[in-house]
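# Architecture and fold: a report
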Amino acid sequence: MKELCVIGSGNMGKAIVKGILKAGLLETSQVIVTDINEEKVKRIEKELSISGSCDNQKAAAESHIVILAVKPQFYKGIIKSIQNVIKPETIIVSIAPGETLEKLERGFKEGAKIIRAMPNTPAMVLEGMTALCGNSNVTKIEMEHIKKLFNGFGRVEEVPEYMMNSVVGISGSSPAYVCLLIEAMADAAVKEGMNRQQAYTFSEQAVMGSAKLLLETGMSPSELKDMVCSPGGTSIEAVSVLEEKGFRGSVIKAVEACVKKSMEL
């Protein structure tokens, strides 16, 4: 028996596996990843030194935890292929936006233990952010076990299911927003004469350092912003331009659009 089966070797599936292995929570021998593409299976076997398979049914039948790491449009087919081999004690973890607990329960046998998770790609460097919620069949001990796995590559919060769409907007998709910010900052630095690589280094470290400072001190974003913005100084001048150009409102609208799309899936 394997401890963990990840169905799907895309970016998120690979990030989860890499994070768990890098954190030392599971041995490579305890993990299997499946994919319909045989070449992808061979690549991930070589890259992570784990077992791979194109047989979802066999892999799911022989695993204690099954993570569904495929796009939502493939869920129906995947669930149909494994529903009859899932054991009563198996924990099923879905990472797809829009796949509600109720919808997932209809796909499996009565009594199935199902958890929804919404991680993000920084899991690859042990800095992921994951939200979890489970159905009534999942025990507290089982939820704590899944929390421990996901906590191994970042931070975990258990939330009510109605909040999961908001999590998609603020966390699941946020690496894309942050990368746009970093790119824009770096472009500005290049415009001012800095070389591209240094521009990225300064921008990336600034974003990471600011977030770490907030997380470790408990300081609010507004407090840090006020600390940086001296009266009549350079930072408040920049903030003034961002406000004038609708920076804050644009971010809010972007997250709202993301949440809306998540609800439509």
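Everything discussed here concerns the structure shown above.
Remember, predicted model here, so these are calculated numbers, not experimental data. (Residues numbered from 1 in each chain as written. Predicted model: local features only at pLDDT ≥ 70, side-chain atom pairs only at ≥ 80, totals over all residues. Heavy atoms only, no water.)

We now examine the overall build of the chain. In terms of regular secondary structure, the chain is built from twelve helices and eight strands. With respect to the three principal axes, the spread of C-alpha positions in the chain is 65 × 40 × 30 Å. Among the 265 residues that make up the chain, the fraction classed as buried is 38%. In the chain, the proportion of contacts linking residues at least 24 apart, taken out of those at least 6 apart, comes to 62%. In the structure as shown, the chain presents an accessible area of about 15200 Å², 57% of it carried by carbon and sulfur atoms. Mean positive and mean negative side-chain charge positions of the chain (31 and 32 charges, respectively) differ by 4 Å. (Helix = DSSP H or I, 4+ residues; strand = E, 2+ residues; numbered from the N terminus. Buried < 20%, exposed > 50% of the residue type's maximum accessible area, 1.4 Å probe, protein only. Contact = heavy atoms within 4.5 Å. Areas by Shrake-Rupley, 256 points an atom, 1.4 Å probe, with all protein chains shown as cover. Lys, Arg positive; Asp, Glu negative; His and termini not counted. Charge placed at Lys NZ, Arg CZ, Asp CG, Glu CD.)

Let us now look at the environment of Phe150. The topology assignment puts Phe150 in helix α6 (residues 140-151). Exposure remark for Phe150: the relative accessible area of 2% places this residue in the buried category. Sequence separation between Phe150 and Asn11 is 139 residues; the distance between their C-alpha atoms is 16 Å. Setting aside chain neighbours within four positions, we find Phe150 in contact with Ile16, Ile67, Val93, Ala117, Pro119, Thr130 and Val156.

Residues Leu181, Met185, Leu242, Phe247 and Val251 make up a contiguous nonpolar surface patch of about 380 Å² in total accessible area. Within the residue set of the nonpolar patch, elements represented by two or more residues are α8 (174-191) and α12 (247-264). Among the structural elements, Met185 can be located in helix α8. (Patch = residues over 30% accessible without salt bridge, like charges linked within 9 Å, V, L, I, M, F, W, Y side chains within 5 Å. Salt bridge = Lys/Arg side-chain N within 4 Å of Asp/Glu carboxyl O.)

The subject of this paragraph is the layout of surface pockets. Within this model, the second largest pocket holds a volume of roughly 840 Å³. Forming the walls of the second largest pocket are 33 residues, and the residues nearest its centre are Met12, Ala69, Val70, Lys71 and Pro72. Elements that contribute at least two residues to the lining of the second largest pocket include exactly α1 (11-22), α7 (164-172) and α12. Looking at the lining of the second largest pocket, its residues break down into 17 nonpolar, twelve polar and four charged. (1 Å grid on protein atoms, 1.4 Å probe; cavity = no way out; pocket = protein on both sides within 12 Å on 5 of 7 lines; lining within 4 Å. Points joined across faces, edges and corners; volume = space filled by probe spheres on them. Nonpolar A, V, L, I, M, F, W, Y, C, P; charged D, E, K, R; others polar.)

Let's shift gears to the sheet that holds strand β1 (residues 2-7). Strand order in the open sheet made by the eight strands is β3-β2-β1-β4-β5-β6-β7-β8, with mixed pairing throughout. Each of the sheet's edge strands pairs with one partner strand only, and the pair in question is β3 (51-53) and β8 (154-158). For this sheet, the mean inter-axis angle between neighbouring strands, taken without regard to orientation, is 25 degrees. Two elements, strand β5 (residues 91-94) and strand β6 (residues 113-118), share four bridges in a ladder whose sense is parallel. The partner of Val93 across the bridge, within β6, is Ile115. Sitting on the sheet, α7 touches β6 and β7 (128-134), and the angle it makes with β6 is about 30 degrees. (Pairing = 2+ DSSP bridges. Axes fitted to C-alpha atoms, helices over the stretch in contact; angles between N-to-C directions.)

Let us look at the environment of Met185. On the accessibility criterion, Met185 (33% relative accessible area) is partly exposed. When the C-alpha atoms of Met185 and Phe202 are compared, they prove to be 9.0 Å apart, with 17 residues separating the residues in sequence.

Below, the discussion takes up the nonpolar core. Ile67, Val93 and Phe150 are the most contacted members of the largest nonpolar core, which totals 31 residues. Sorting the residues of this core by element identifies β1, α1, β2 (31-34), α2 (38-48), β4 (63-68), β5, β6 and α6 as the ones contributing at least two each. Examining the composition of this core, we find that six residues originate from one element, α1, more than from any other. (Core = buried A, V, L, I, M, F, W, Y, C linked by side-chain atoms within 4.5 Å.)

Let us look at the pairing of β5. Of the two faces of β5, the one lined by Ile91 and Val93 and the one lined by Ile92 and Ser94 are each fully buried. With four bridges connecting them, β4 and β5 associate as parallel partners. Looking at β5, one finds that Ile65 is bridged to Ile91. Tracing the backbone out of β4, into helix α4 (residues 75-82) and back to the parallel element β5 gives a crossover that is right-handed. (Right-handed = clockwise from strand over helix to strand, strands pointing away.)

Here we come to the pairing of β6. Within β6, six of the six residues are buried, which leaves it mostly tucked inside the rest of the structure. Alternating positions in β6 separate into two faces, Lys113, Ile115 and Ala117 on one and Ile114, Arg116 and Met118 on the other, with burial throughout. By the bridge criterion, four bridges tie β6 to β7 in an arrangement that is antiparallel. In the sheet register, Arg116 faces β7, and the bridge partner there is Cys133.

So far we have only geometry, and geometry alone does not tell us how the molecule works.
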